[in-house]
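Notes for the structure review
For reference, the chains in residue letters:
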Amino acid sequence: MRLGIISALYEEQQGLVEAMRGPAKLIHGMREYWAGSLWEIDAVCVLSRIGKVAAAMTATTLVEKFGVTHILFTGVAGAGDKTVRVGDIVVAEALVQHDMDASPLFPRFEVPLTGLSHFQPDQQLSLRLSRAAHDFLELDFLDAISEGERHTFRLAQPRVHRGLVASGDQFMDDRERLDGLNKALPGLVAVEMEGAAVAQVCYELGVPCAVLRTISDNANENAATDFMRFVKSVAAQYAFHITRRVCRELKEAPLQPSSVSAGT
Ligand code: SAH
């Protein structure tokens, strides 16, 4: 297995690159790809930058040029529902591009000529991810996040949610727009800007993927407040510890060959 790890923002991935054994940097298409070993798993880390095109380009390159066999996206997201709170963790069960609308030619959200609006991540990898997320909250959380930060961001008892993640080329900071999306997309738990693009690429290339998001904001008018502080001091820790747990488990118990068929 060769695991590709994508994040959108530098702060989200810095710790992983630092933890890499024998890192080798390769620059391609205006991005830095770091190949090496993460807790004995062969891995390639890269920042996609923000948005669906950037993420799709990065995922494609990881597969075609770096030969990754699995992709993990870790990053932050806005809450897609009132039951999801800042500091909670979301593991995608399905991903949709919320700004895709070719109606009336195709149903709203459907990616034309694929017949699909919802893309499914790999079940095995997603299960590993949610287990690692639960273990992180139970075993690492209090040590990993300082009391000050827990207080500042009111991280009382963070939870793990599985559900629908919606991606679009827009930072969601408007309550009404979010309410509209929430109504149109049952089961919505998070809004972000990359996951569904990665999921589409992985579907088309037959590569298993999984998406992990730490909730950084409520996707409303306050969404930008303290955003970078949260990413640095909270989300980066979540991503680091959860990825560490996933890699260790992948080493101990490799995944079964996936049922995803390889693309042509
Ligand atoms: N203020 C930031 C912009 C980050 S854009 C800056 O100055 O750099 C937001 C990033 O976090 C994207 O990668 C997206 O996937 C995720 N994200 C977090 N909250 C979001 C929200 N409310 N709406 C959309 N994307 C969000």
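What you are looking at is a predicted structure, and each value in this text was computed from that prediction instead of being measured.

This paragraph deals with the UniProt feature "domain: Nucleoside phosphorylase" (unreviewed entry) in the chain. With numbering matched to this structure, UniProt assigns "domain: Nucleoside phosphorylase" (unreviewed entry) to residues 3-244. Across residues 3-244, helical content stands at 37% and strand content at 29%; the span's end C-alpha atoms are separated by 12 Å.

Attention now goes to the layout of surface pockets. What the largest pocket holds in volume is close to 580 Å³. Lining the largest pocket are 24 residues, and of these Val86, Ser216, Asp217, Asn218 and Asn220 sit closest to its centre. Examining the composition of the lining of the largest pocket, we find that five residues originate from one element, helix H5 (residues 175-184), more than from any other. Residues that form the lining of the largest pocket fall into these classes: seven nonpolar, eight polar and nine charged.

Let us now look at helix H6 (residues 195-205). A large share of H6 lies buried, amounting to eight of its 11 residues. Every buried residue of H6 is accounted for by Gly195, Ala196, Ala197, Val198, Ala199, Gln200, Val201 and Cys202. Looking one or two residues beyond H6, the residue adopting positive phi is Gly206, at roughly 70°.

Turning our eyes to something else, we now look at the site of the ligand. Within the structure, the ligand sits among 17 residues, and Val76, Met172, Met193, Glu194 and Asp217 are positioned closest to it. Residue Arg213 places a side-chain N or O atom 3.3 Å away from an oxygen atom belonging to the ligand. Within the side chain of Asp217, an N or O atom sits 2.7 Å from a nitrogen atom of the ligand. Isolated, the ligand exposes 570 Å² of accessible area, and the fraction of that covered by the protein chains is 80%.

With that settled, the discussion passes to the packing of helix H1 (residues 10-19) against helix H7 (residues 227-252). Where H1 contacts H7, the two axes come as close as 7 Å, and the packing angle between them is 40°. When the interaxial angle is binned, H1 and H7 end up oblique. Both H1 and H7 take part in a crossing whose hand is right-handed. Across from Glu11, Glu12, Gly15, Leu16 and Ala19 in H1, the residues of H7 making contact are Met228, Val231, Lys232, Ala236, Ala239, Phe240 and Thr243. Along the lines of polarity and charge, the residues of the contact of H1 with H7 split into seven nonpolar, two polar and three charged.

Basis of the calculations
Numbering of residues starts from 1 in every chain and runs along the sequence as written. Reporting of local features is limited, given that this is a predicted model, to residues whose pLDDT is at least 70; pairs of side-chain atoms are given and counted only at 80 or more, and all residues count toward the totals for whole chains, interfaces and linings. Hydrogens are left out, water is left out, and the side-chain values use all remaining heavy atoms of the structure. UniProt positions are given in the numbering used here, feature names are shortened, and annotations may be inferred rather than shown by experiment. Numbered from the N terminus, helices here are DSSP runs of H or I no shorter than four residues, and strands are runs of E no shorter than two. Both cavities and pockets are sets of points on a 1 Å grid over the protein atoms alone; in a cavity a 1.4 Å probe fits but cannot get out, in a pocket the set is open with protein on both sides within 12 Å along at least five of seven lines, and lining residues sit with an atom within 4 Å of a point. Grid points are joined across faces, edges and corners, and a volume is the space filled by probe spheres set on the points. Ten residue types, Ala, Val, Leu, Ile, Met, Phe, Trp, Tyr, Cys and Pro, are classed as nonpolar, four, Asp, Glu, Lys and Arg, as charged, and the remainder, Gly among them, as polar. Only protein chains enter the accessibility calculation, which uses a 1.4 Å probe. A residue is then buried if its area is under 20% of the maximum for its type, exposed if over 50%, and partly exposed in between. Proximity criterion: a residue is near a molecule or strand once any of its heavy atoms comes within 4 Å of it. In the analysis that follows, any N or O atom pair within 3.5 Å is treated as a polar contact, provided that within protein one partner can donate a hydrogen and the other can accept it, and provided that, for residues neighboring in sequence, both atoms belong to side chains. Each accessible area is a Shrake-Rupley estimate made with a 1.4 Å probe; only the visible protein chains count as cover when residues are assessed. Interaxial angle, 0 to 180 degrees, is taken between N-to-C directions of lines fitted to C-alpha atoms, where a helix line uses only the stretch in contact. Note that the term roughly parallel is reserved for angles under 35 degrees, roughly antiparallel for angles over 145, roughly perpendicular for angles of 65 to 115, and oblique for everything else. Working rule for handedness: look at the near helix, and if it is turned counterclockwise from the far one by less than a right angle, call the crossing left-handed; if clockwise, right-handed. Should any heavy atoms of two residues lie within 4.5 Å, those residues are considered in contact.

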